[in-house]
Amino acid sequence: MKNLSLIICVICVFFSSCDKKRITRTDTLTSGVATFAVDECFAPVIQEQVDVFGALYPQALIVPQYTSENEVFNLFMKDSLRLIIAARELTPNEKQIIKDRGQTLRSQKLAIDGLALIVNKENKDTLITVSNLKKIMTGEIRSWKELNPKSSLGDIAVTFDSPNSSTVRFVRDSILHTGQQLGDHVKARAVDSIKTADLKDRTPNQQVIDYVASNPNALGIIGVNWISNPSDSTNLSFINNINVMSVSREDMATAANSFKPFAAYLVLKKYPLTRDIYIIISDVREGLPAGFVRFAAGEKGQRIILKAGLYPAIVPTRLVRINQTLD
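Residues numbered from 1 in each chain as written. Predicted model: local features only at pLDDT ≥ 70, side-chain atom pairs only at ≥ 80, totals over all residues. Heavy atoms only, no water.

Thoughts on the overall build of the protein
Right, so step 1: When helices and strands are tallied, the protein shows eleven helices and twelve strands.
Right, so step 2: Looking at the protein residue by residue over its 327 residues, the buried ones come to 47%.
Right, so step 3: Sequence separation of at least 24 residues holds for 72% of the intrachain contacts in the protein that already meet a minimum separation of 6.
Right, so step 4: Only carbon and sulfur atoms are counted for the fraction: they give 54% of the accessible area of the protein, which is about 17100 Å². (Helix = DSSP H or I, 4+ residues; strand = E, 2+ residues; numbered from the N terminus. Buried < 20%, exposed > 50% of the residue type's maximum accessible area, 1.4 Å probe, protein only. Contact = heavy atoms within 4.5 Å. Areas by Shrake-Rupley, 256 points an atom, 1.4 Å probe, with all protein chains shown as cover.)

Here you go:
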């Protein structure tokens, strides 16, 4: 009897402790604390979403960690956090790891983004073909004169954010041919780091803008949301301290067949350098991470994306009632 009583006590303590563990998490869709990782390429638009979400739900604290694409997925696969925003979906192997952990995975397209090619204000050569861009990336073309014999500029100084960023992966996967390597003239502005980028400091993408703005020979590669003009409600202009190149798929770039990374050209695929942004969660219970996913993919979050110069995955609509009379 004593042994039976002891077993019953142990079982009661066990289930009691389990119950306590289950109720230690108290966050809801609109309250609590949640941390998630974001590709730093999308920091401006996601920070705007975080700020608006926090203003709408003051009991919620969303803490974004802005870092390189590699580190975003490292944190997610180590189960250090349950929510990420990135420029690719999980691979089949990564999905299997999540499944083996007993977690439910949900991935949702958030927006269509574009990689912009930016040059110094002194550089008037703002038309380029995808073919010539490939040659620049590999080093086959190294000077502005090779693109335009009348150019007064020297060697092209190609710059991007950090070595393991989604920008570099896009160039390798979508611009270069299989087996081609980046030339030694292609330089990163920042070293890879597992540290979270502080938007008050000069983040890697901010360093790209600064470098291009001060170097007449520079060619920068950067996400569109970093250069969109926040004061232009039409989304048809960019920040003033750099020029944005128009890109063509044709053999020769002309004003008629070249396009800038405006939202309309992103969704119509007229602009060649487009990619999708995904929000990925492995915690689908009704907690704060799921609440932020709903917000980011909902009407308010999608309007913020549109305002940032990207094209939202779900286009916000507005119903207008038209009176049949003038009364």
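Don't stop here, the text continues.
Structural notes on helix 3 (residues 69–77)
Right, so step 1: Burial runs high along helix 3: seven of the nine residues are buried.
Right, so step 2: When helix 3 is considered as a whole, its buried residues turn out to be Glu69, Glu71, Val72, Phe73, Leu75, Phe76 and Met77.
Right, so step 3: Along its buried surface, helix 3 packs onto strand 1 (32–39), strand 2 (60–67), strand 3 (83–86), helix 4 (92–100), helix 7 (166–175) and strand 11 (274–281).

Remarks on the pattern of salt bridges
Right, so step 1: Inspection of every chain in the model, using the stated rule, returns twelve salt bridges.
Right, so step 2: The partner of Arg88 in a salt bridge is Glu94, with the nearest N and O atoms 3.0 Å apart. In this pair, the class of Arg88 matches that of Glu94, namely buried.
Right, so step 3: Of the charged contacts, one joins Asp113 and Arg275 as a salt bridge, the two residues approaching to 2.8 Å between their closest N and O atoms. Placement of Asp113 in strand 4 (residues 106–119) and of Arg275 in strand 11 is noted, with a sequence separation of 162 residues between them.
Right, so step 4: Here Arg275 falls in the buried class, since its relative accessible area comes to 6%.
Right, so step 5: Through salt bridges that share partners, Glu69, Arg169 and Asp173 make up one connected network. (Salt bridge = Lys/Arg side-chain N within 4 Å of Asp/Glu carboxyl O.)

Things to note about the environment of Asp283
Right, so step 1: Along the chain, Asp283 falls in the loop between strand 11 and helix 10 (288–297).
Right, so step 2: Assessed through its relative accessible area of 7%, Asp283 is described here as buried.
Right, so step 3: Separated by 179 residues in sequence, Asp283 and Thr104 place their C-alpha atoms 6.8 Å apart.

Considering the packing of helix 2 (residues 43–56) against helix 10
Right, so step 1: The geometry of helix 2 relative to helix 10 is characterised by a closest axis approach of 11 Å and an angle of 110° between their N-to-C directions. Classified by the interaxial angle, the pair formed by helix 2 and helix 10 is roughly perpendicular. As helix 2 packs across helix 10, the resulting crossing turns out to be right-handed. Here helix 2 contributes Gln49, Val50, Val52, Phe53 and Leu56 to the contact with helix 10, which in turn contributes Leu288, Gly291, Phe292, Phe295 and Ala296.
Right, so step 2: Residue composition of the contact of helix 2 with helix 10, grouped by class: eight nonpolar, two polar and no charged. (Axes fitted to C-alpha atoms, helices over the stretch in contact; angles between N-to-C directions. Parallel < 35°, antiparallel > 145°, perpendicular 65-115°, else oblique. Left-handed = near helix turned anticlockwise from the far one by under 90°. Nonpolar A, V, L, I, M, F, W, Y, C, P; charged D, E, K, R; others polar.)

Looking at the nonpolar core
Right, so step 1: Core analysis: the largest hydrophobic core is formed by 47 residues, its most contacted members being Phe36, Ile46, Ile85, Leu110, Ile118, Ile227 and Phe292.
Right, so step 2: Looking at which element gives the most residues to this core, the answer is helix 10, with seven residues.
Right, so step 3: Residues within four places of Leu110 in sequence aside, it is in contact with Ile46, Ile85, Ile277, Tyr278, Ile279, Ala296, Ala297, Gln302, Ile305, Pro312 and Ala313.
Right, so step 4: One finds Ile112, Ile136, Val158 and Phe259 within the second-largest nonpolar core, a separate group that totals 29 residues. (Core = buried A, V, L, I, M, F, W, Y, C linked by side-chain atoms within 4.5 Å.)

What about unusual backbone geometry?
Right, so step 1: We note that Asp79 has phi near 65°; this positive angle belongs to a residue other than glycine.
Right, so step 2: Structurally, Asp79 can be placed in the loop between helix 3 and strand 3.
Right, so step 3: Even without being glycine, Lys269 reaches a positive phi, approximately 65°.

Considerations on the pairing of strand 3
The two faces of a sheet get side chains in turn, since along a regular strand they alternate between them.
Right, so step 1: Because side chains alternate across strand 3, one face comprises the buried residues Leu83 and Ile85, and the other comprises Ile84 and Ala86, equally buried.
Right, so step 2: Where strand 1 and strand 3 come together, two bridges link them in parallel fashion. Bridge pairing links Val38 to Ile85 in strand 3.
Right, so step 3: In this structure, strand 3 lies alongside strand 11, joined through four bridges in antiparallel fashion. Its bridge partner being in strand 11, Leu83 is matched across the sheet by Ile281. (Pairing = 2+ DSSP bridges.)

Let's talk about helix 10
Right, so step 1: Of all the ten residues making up helix 10, nine are buried; the element is thus mostly covered by neighbouring parts of the structure.
Right, so step 2: All buried positions along helix 10 are accounted for by Leu288, Pro289, Ala290, Gly291, Phe292, Val293, Phe295, Ala296 and Ala297.

Some thoughts on the pairing of strand 11
Right, so step 1: Burial within strand 11 is extensive, with eight of its eight residues counted as buried.
Right, so step 2: Neither face of strand 11 is left uncovered, since the one carrying Thr274, Asp276, Tyr278 and Ile280 and the one carrying Arg275, Ile277, Ile279 and Ile281 both have all their residues buried.
Right, so step 3: Of the strand pairs in this sheet, strand 4 and strand 11 are connected by eight bridges, and their pairing is antiparallel. Along strand 11, the bridge assignment pairs Arg106 with Ile281.

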